[in-house]
Amino acid sequence: MLFKVKVKVMETNMNLNKIGNRKPFTVPENYFEQFADKFETQISIKPLSPIKLLRPWLYMAAMFMGVFFMAKIAFTVYNDNKLTATENYELYVMSQLNDVENLDYSEPIENENSKK
Amino acid sequence: MNQTDVELLTMLADPKRKSLAFSSIVRNYQERIYWHIRKMVLVHDDANDVMQNTFLKAWNGIDSFRGDSLISTWLYRIATNESLTFLTNKRLKNLQSMDDEESLMFQNLQADSYFDGNEVEQKLQEAILTLPEKQRLVFNMKYFEDITYEEMESILGTSVGALKASFHHAVKKIERFLIEEK
């Protein structure tokens, strides 16, 4: 019985209503005044430099230049590849004909008539 | 939106008076925001850092604030997120388990020269540290700041019913902890 009473008393003392809601924290003296002053200094508006104003336009110009050069390189490579393919084809065709065959075709017809 | 908020929003929209308006906001709300943060991070130096980040974030985002909530609600939201981010980063830095993190925070609290709680208040803070972070938030906001559940709902994005249940469970856990620890 005594034990039950003791527990009840403990529970009552540990009830949050008994403890209260005081905040057990403090701050340095003049903390809030100084915080506000410091923050005001931090956010004071400074005039933007011309470079900062132009920066977005410079980024856009650089981007377009990059796209232009990439396109130019791609087009040049494509053209070069096309030319190389044509040259290669011509070389291929010529390689299929040997020198003797070339000579036969180049002799005039009258030579055949004289042999007869 | 209250009258002060309307006046402040008007000033904020004017580039010449924007800084002045924001200074007003800092001076009006800094104490409430500070104590909200301090109850989560416990130590003054940490609370100071988090509060600076909070108001800096607010300043950088002020142009996108449309007045769809009270300025105080908006600031509380930023402060809450900054506090939770701070605690997460601290936990990652320490690379310790949740239990160790609580003990470490309590030790830091006891060592903080800006803590003047008596024995029972110390025990209460130790008990609060055993709660999950979101529940700690709810408990602190209700118990110490007496914020209404409706305002809490705007700040935390949790329903009133869930907040009431969370607070009720938090109270039970804390009281059980205090009795067992005694």
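Residues numbered from 1 in each chain as written. Chains lettered and ligands numbered in written order. Predicted model: local features only at pLDDT ≥ 70, side-chain atom pairs only at ≥ 80, totals over all residues.

### What to know about the overall build of chain B
Phase 1: For chain B, the count of helices and strands is nine helices and zero strands.
Phase 2: Moving toward the C terminus, one meets the helices and strands of chain B in the order α-α-α-α-α-α-α-α-α. (Helix = DSSP H or I, 4+ residues; strand = E, 2+ residues; numbered from the N terminus.)

### Digging into the overall build of chain A
Phase 1: Counting secondary structure elements, chain A contains six helices and zero strands.
Phase 2: Ordered by position from N to C terminus, the α and β elements of chain A give α-α-α-α-α-α.
Phase 3: A total of 116 residues make up chain A; the buried ones form 3% of that total. (Buried ≥ 20, exposed ≤ 12 C-beta atoms within 10 Å, placed from the backbone.)

### What about the confidence of the model for chain B?
Residues and elements named next belong to chain B.
Phase 1: With 95% of its residues at a pLDDT of 70 or more, chain B shows a mean pLDDT of 90.
Phase 2: When pLDDT is averaged over each helix and strand of chain B, the minimum, 77, is found for helix 5 (residues 98-111) and the maximum, 96, for helix 3 (residues 44-61).
Phase 3: Here the complex is predicted with pTM 0.70, and the ipTM for its interfaces comes to 0.86. (pLDDT = per-residue confidence, 0-100.)

### Thoughts on the nonpolar core
All names here are of chain B.
Phase 1: Core analysis: the largest hydrophobic core is formed by 42 residues, its most contacted members being Ile33, Ile37, Met51, Leu75 and Val138.
Phase 2: Sorting elements by how many residues they give to this core places helix 2 (residues 18-41) first, with nine residues.
Phase 3: The two domains that each donate at least three residues to this core are domain 1 (1-114) and domain 2 (117-182).
Phase 4: Ignoring anything within four residues of it in the chain, the contact list for Met51 reads Ile33, Tyr34 and Ile37. (Core = buried A, V, L, I, M, F, W, Y, C linked by C-beta atoms within 7 Å. Domains from an automatic or database assignment. Contact = placed C-beta atoms within 7 Å.)

### Regarding the interface of chain B and chain A
You'll often see interface size given as the accessible area lost when the parts meet.
Phase 1: If you look at the interface, chain B gives 28 residues, while chain A gives 21 residues.
Phase 2: Looking at the side of chain B that touches chain A, the elements with two or more residues in it are helix 2, helix 3, helix 6 (119-129) and helix 9 (160-181) of chain B.
Phase 3: Sort the elements by how many residues they give to the side of chain B that touches chain A and helix 2 of chain B lands first, with nine residues.

### Concerning the environment of B:Glu153
Phase 1: Secondary-structure assignment places B:Glu153 in helix 8 (residues 149-156).
Phase 2: Contact partners of B:Glu153, with chain neighbours within four places excluded, come to B:Thr158, B:Ser159, B:Val160 and B:Leu163.

### Here's the deal with the confidence of the model for chain A
Residues and elements named next belong to chain A.
Phase 1: On average, residues of chain A score 73 in pLDDT, and 64% of them reach the 70 mark or higher.
Phase 2: Predicted confidence in chain A is weakest over helix 1 (residues 2-13), with a mean pLDDT of 46, and strongest over helix 3 (residues 31-42), with 92.
Phase 3: Counting contacts from residues 4-13, a segment whose pLDDT is below 50, to residues more than four positions away or on other chains yields five contacts.

### Observations concerning the packing of helix 8 of chain B against helix 9 of chain B
All names here are of chain B.
Phase 1: Packing of helix 8 against helix 9 brings their axes to within 9 Å, and their N-to-C directions diverge by 105°. Classified by the angle their axes make, helix 8 and helix 9 are roughly perpendicular. Contacts between helix 8 and helix 9 pair Tyr149, Glu150, Met152 and Glu153 from the former with Val160, Leu163 and Lys164 from the latter.
Phase 2: Each residue belonging to the contact of helix 8 with helix 9 can be placed in one class, and the counts come to four nonpolar, no polar and three charged. (Axes fitted to C-alpha atoms, helices over the stretch in contact; angles between N-to-C directions. Parallel < 35°, antiparallel > 145°, perpendicular 65-115°, else oblique. Nonpolar A, V, L, I, M, F, W, Y, C, P; charged D, E, K, R; others polar.)

### Some words on helix 6 of chain B
Phase 1: The complete set of buried residues in helix 6 of chain B reads B:Leu124, B:Ala127 and B:Ile128. Buried positions in helix 6 of chain B, seen along its axis, are confined to an arc of 100° and lie on one side of it.
Phase 2: Contacts from the buried residues of helix 6 of chain B go to helix 2 (16-19) of chain A together with helix 7 (133-143) and helix 9 of chain B. (Arc of directions from axis to C-beta.)

### So, the environment of B:Ile174
Phase 1: In this structure, B:Ile174 sits in helix 9.
Phase 2: Each C-alpha atom of the pair B:Ile174 and B:Leu129 lies 9.4 Å from the other, and the pair is 45 residues apart in sequence.

### Topic: the packing of helix 2 of chain B against helix 3 of chain B
Residue and element names in this part refer to chain B.
Phase 1: At a minimum axis separation of 9 Å, helix 2 and helix 3 run at an interaxial angle of 140°. Between helix 2 and helix 3, the angle is such that the two are oblique. Judged by the twist between their axes, the crossing of helix 2 over helix 3 is right-handed. Contacts from Phe22, Val26, Ile33, Tyr34, Ile37, Arg38 and Val41 in helix 2 reach Asp46, Ala47, Val50, Met51, Thr54, Phe55 and Trp59 in helix 3.
Phase 2: For the contact of helix 2 with helix 3, the residue count by class is 11 nonpolar, one polar and two charged. (Left-handed = near helix turned anticlockwise from the far one by under 90°.)

### Concerning unusual backbone geometry
With glycine set apart, most residues show a phi of negative sign, and most peptide bonds adopt trans.
Phase 1: One non-glycine residue, A:Asn30, lies in positive phi territory at about 60°.
Phase 2: Secondary-structure assignment places A:Asn30 in the loop between helix 2 and helix 3.
Phase 3: Classification of A:Asn30 by C-beta neighbours within 10 Å gives exposed; the count is 9.
Phase 4: The residue B:Leu42 is not glycine, and still its phi comes out positive at about 75°.

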